Amino acid sequence: MPPSPRIALYPGSFDPVTNGHLDIITRAGRLFDRVVVAILVNPAKQPWFTADDRAAMIREACASQEGVDVETFDGLLVDLARRHQARTVVRGLRGASDLDSERQMSMMNRHLSGNLDTVFFLPSVEFAHISSTLVREIASLGGSVTGLVPPKVEARLYQRREGAPTRNV
Ligand code: PNS
């Protein structure tokens, strides 16, 4: 019998995807057969981009990388993991400030599902200062986000700043 594929879930808001996220997806792709990028649909939050738009931007950015699937989800991450028979969650750790919340989420997920472990990847140093929150702030205040996000996402951010209706890339 062939060995079961090693599946990792990479959950997040990805509002929008950044070059830091893409670096983590590339790193995870080297260790896992399949990486499922899972975009949280959180009704309590008002995102910049719809979940479908966020998914489209990630699919476009990862088009050349094999073994990457992109989907949206709501509800508990452990339930999504069960549906995919995934035993690993992937998250990026940019620095010490990420650690406390990431440790709490990881341990809570393991509390809910003893089979689910989280693997943390450190990003390349050139991406360690990037966050979607800062990217949105810079874009909304008229700054340049070149080099922080893929070019198509950059264009979408500027459209959003100009008030143009969002549409899929
Ligand atoms: O990119 P983010 O916003 O830091 O991602 C947070 C995310 C999506 C990983 C986290 O909010 C999550 O997993 N939400 C799903 C709901 C859930 O399972 N909550 C309980 C376990 S901590």
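Residues numbered from 1 in each chain as written. Predicted model: local features only at pLDDT ≥ 70, side-chain atom pairs only at ≥ 80, totals over all residues. Heavy atoms only, no water.

Turning our eyes to something else, we now look at the overall build of the chain. Counting its secondary structure elements, the chain contains six helices and five strands. Taken from N to C terminus, the helices and strands of the chain fall in the order β-α-β-α-β-α-β-α-β-α-α. A compact globule built from 169 residues should have a C-alpha radius of gyration of about 15 Å, and the chain, at 16 Å, falls within 12% of that. C-alpha atoms of the chain, sized along the principal axes, occupy 50 × 35 × 30 Å. Going through the 169 residues of the chain one by one, you find that 43% of them count as buried. The contacts of the chain with a sequence gap of at least 6 include a subset with a gap of at least 24, amounting to 73%. Entry remark: accessible area of the chain is about 9500 Å², with carbon and sulfur atoms responsible for 52%. Side-chain charges of the chain comprise 20 positive and 19 negative groups, with the mean position of each set lying 2 Å from the other. (Helix = DSSP H or I, 4+ residues; strand = E, 2+ residues; numbered from the N terminus. Rg over C-alpha atoms; globule rule 2.2 N^0.38 Å. Buried < 20%, exposed > 50% of the residue type's maximum accessible area, 1.4 Å probe, protein only. Contact = heavy atoms within 4.5 Å. Areas by Shrake-Rupley, 256 points an atom, 1.4 Å probe, with all protein chains shown as cover. Lys, Arg positive; Asp, Glu negative; His and termini not counted. Charge placed at Lys NZ, Arg CZ, Asp CG, Glu CD.)

Before going further, it helps to spend a moment on the site of the ligand. Every residue near the ligand is listed here: Pro-11, Gly-12, Ser-13, Leu-40, Phe-73, Gly-75, Leu-76, Leu-77, Arg-91, Met-105 and Asn-109. Separating an oxygen atom of the ligand from a side-chain N or O atom of Ser-13 is a distance of 2.6 Å. In this structure, an oxygen atom belonging to the ligand sits 2.9 Å away from a side-chain N or O atom of Arg-91. Starting from 550 Å² of accessible surface for the ligand in isolation, the protein chains cover 72%. Elements supplying a minimum of two residues to the shell around the ligand: strand S1 (7-12) and helix H4 (96-112). Of the residues belonging to the shell around the ligand, the class tally is six nonpolar, four polar and one charged. (Near = heavy atom within 4 Å. Polar contact = N/O pair within 3.5 Å; in protein donor to acceptor, adjacent residues only side chain to side chain. Nonpolar A, V, L, I, M, F, W, Y, C, P; charged D, E, K, R; others polar.)

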